[in-house]
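Breakdown of the fold
Given next are the chains, with one letter for each unit.
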Amino acid sequence: MIDATPSVFDASLSGTGPGIDAFIDRYAPDSTHTYYGSGKVALRDGLAGLVDPGDNVIVPAFLSPAVVEPFHELGLESRYYAIEESLAPDFADLEARIDADTAAVVSVNYFGFPQPGLERLAALTDEYDCYHVDDNAHSPLSVRDGTLLGTHGDLGITTLRKLLPVPDGAVLYCTDETVTAQFAPSSLAGRSNRIATADCRFVAASIAERVLRTSSSLYRSVEAILADGVVDSSSVDPDSRYEAAKVPMSKLSAIVADAVDPDAIRAARRENFRAWRRVVADREDVRPLYDRLPEGISPYEFPVRTADRDSFLAALEERGVVGAHSWPILRETVREADTYETSIRLADDLVALPVHQGIEPSAIETVGDRLRP
């Protein structure tokens, strides 16, 4: 059985690692960083002193709906730019959306890989005198050319919850002098200094989940019972999800972040990425989104495109893969516009496979054997 859900009992948490702080200091020594419970709240705080109500922020159309909520709270208009099949911006479309009221343009490092065209986007924001936000929510440990992803813009964010077995956690990076000078952290910045009820619930859930994992059928049965009374996060409106995330980084998240070995985690995720690549290599119905795994990249997941997404997801679940999923759920305004047909097509074709460090490559290989006709 392969489960994408992190557990506080993952072997990767040895408690003897240098921690996230040391990793950031190594690869982003010229930036300042601040911890938050949520990347969206971090982004709101980072932009708050730089923008005025009525300004606009331009983001890629290929993105989850809740990402723009901090912009709306600041009184900003969110505009969407089209993307290419490579996930690079459609620069003609992007530039056409920039005007005198554009405060920032957002790039997104999808699945832990740098968005193609980062340098060109940075040059564009310099030309139009607006800020470049480097959204690196997917992978805190990805490094390109010796520099941490998330720090290639004037400000950026990353999300620890997508990397570690923690209930929350995010980092705001400030790399520009003006951004750093204007930054005024809110009461939601920083780490909580006490263990909260939510931390205890998270640990209890991890214990229960670890027991259930010993039986795939029992795990799925309990999961179905629990789902009966729980609203799936994808169905909750973006504003509610954003409001619920307004808490400082939890004490539990801070403890885990200080204990991990980032290099070991990145190495494990890279090995699992390679294992999935071997599994799908001979399949004509599945095409990896990325042909290669560059040095320094810590993949968030192994994304593939398939013409029959639902059938592929069902086959994975039948063979014990828990957590493979489609991504993203696009905002309705994006779905309804012909301009964003590439983003819509990608969202309809894409399946993300787990590469979490708690998974053994041999388990992925076993799934591959089961998937063969």
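Provided above is the structure to which this section pertains.
Below: a short report on this structure. (Residues numbered from 1 in each chain as written. Predicted model: local features only at pLDDT ≥ 70, side-chain atom pairs only at ≥ 80, totals over all residues. Heavy atoms only, no water.)

1. Thoughts on the overall build of the chain
- The helix and strand inventory of the chain stands at 15 helices and 14 strands.
- Of all 373 residues assigned to the chain, the portion counted as buried reaches 52%.
- Counting every atom, the chain has about 16200 Å² of accessible surface; 49% of that belongs to carbon and sulfur. (Helix = DSSP H or I, 4+ residues; strand = E, 2+ residues; numbered from the N terminus. Buried < 20%, exposed > 50% of the residue type's maximum accessible area, 1.4 Å probe, protein only. Areas by Shrake-Rupley, 256 points an atom, 1.4 Å probe, with all protein chains shown as cover.)

2. Regarding helix 14 (residues 341-349)
- All of the buried residues along helix 14 are Thr 342, Ser 343, Ile 344, Leu 346, Ala 347 and Asp 349.
- Buried residues belonging to helix 14 abut strand 12 (301-306), helix 12 (309-318), helix 13 (332-335) and strand 14 (350-354). (Contact = heavy atoms within 4.5 Å.)

3. Some remarks on unusual backbone geometry
- The linkage connecting Trp 327 with the following residue, Pro 328, adopts the cis geometry, with an omega of -10°.
- Counting through the fold element by element, Pro 328 comes out in the loop between strand 13 (321-322) and helix 13.
- The phi dihedral of Leu 87 falls on the positive side, at around 80°, and the residue is not glycine.
- Checked against the element boundaries, Leu 87 lands in the loop between strand 4 (77-81) and helix 4 (91-97).
- Looking at Leu 87, the relative accessible area reads 2%, which means it is buried.

4. Digging into the nonpolar core
- Judged by nonpolar contacts, the single largest core of 84 residues is most densely connected at Leu 47, Phe 62, Phe 111 and Trp 276.
- With sequence-adjacent residues up to four places away left out, Trp 276 is seen in contact with Ile 2, Phe 302, Leu 316, Val 321, Leu 353, Pro 354, Val 355, Ile 364 and Val 367. (Core = buried A, V, L, I, M, F, W, Y, C linked by side-chain atoms within 4.5 Å.)

5. Things to note about the environment of Pro 165
- Residue position: Pro 165 is located in the loop between strand 9 (155-159) and strand 10 (170-174).
- Here the alpha-carbon distance between Pro 165 and Leu 252, two residues 87 residues apart in the chain, equals 9.7 Å.

6. Observations concerning the sheet that holds strand 6 (residues 131-136)
- Taken together, seven strands build an open sheet; the order of strands is 2-10-9-6-5-3-4 and the sheet is mixed. Single-partner strands in this sheet number two, and they are strand 2 (32-36) and strand 4. Taken over all neighbouring pairs, the strand axes of this sheet differ in orientation by 20° on average, direction set aside.
- Across the sheet, helix 2 (residues 39-48) is in contact with strand 2, strand 5 (102-108), strand 6, strand 9 and strand 10; its angle to strand 9 comes to roughly 165°.
- Lying on the sheet, helix 5 (residues 118-127) is in contact with strand 4, strand 5 and strand 6; it crosses strand 6 at an angle near 150°. (Pairing = 2+ DSSP bridges. Axes fitted to C-alpha atoms, helices over the stretch in contact; angles between N-to-C directions.)

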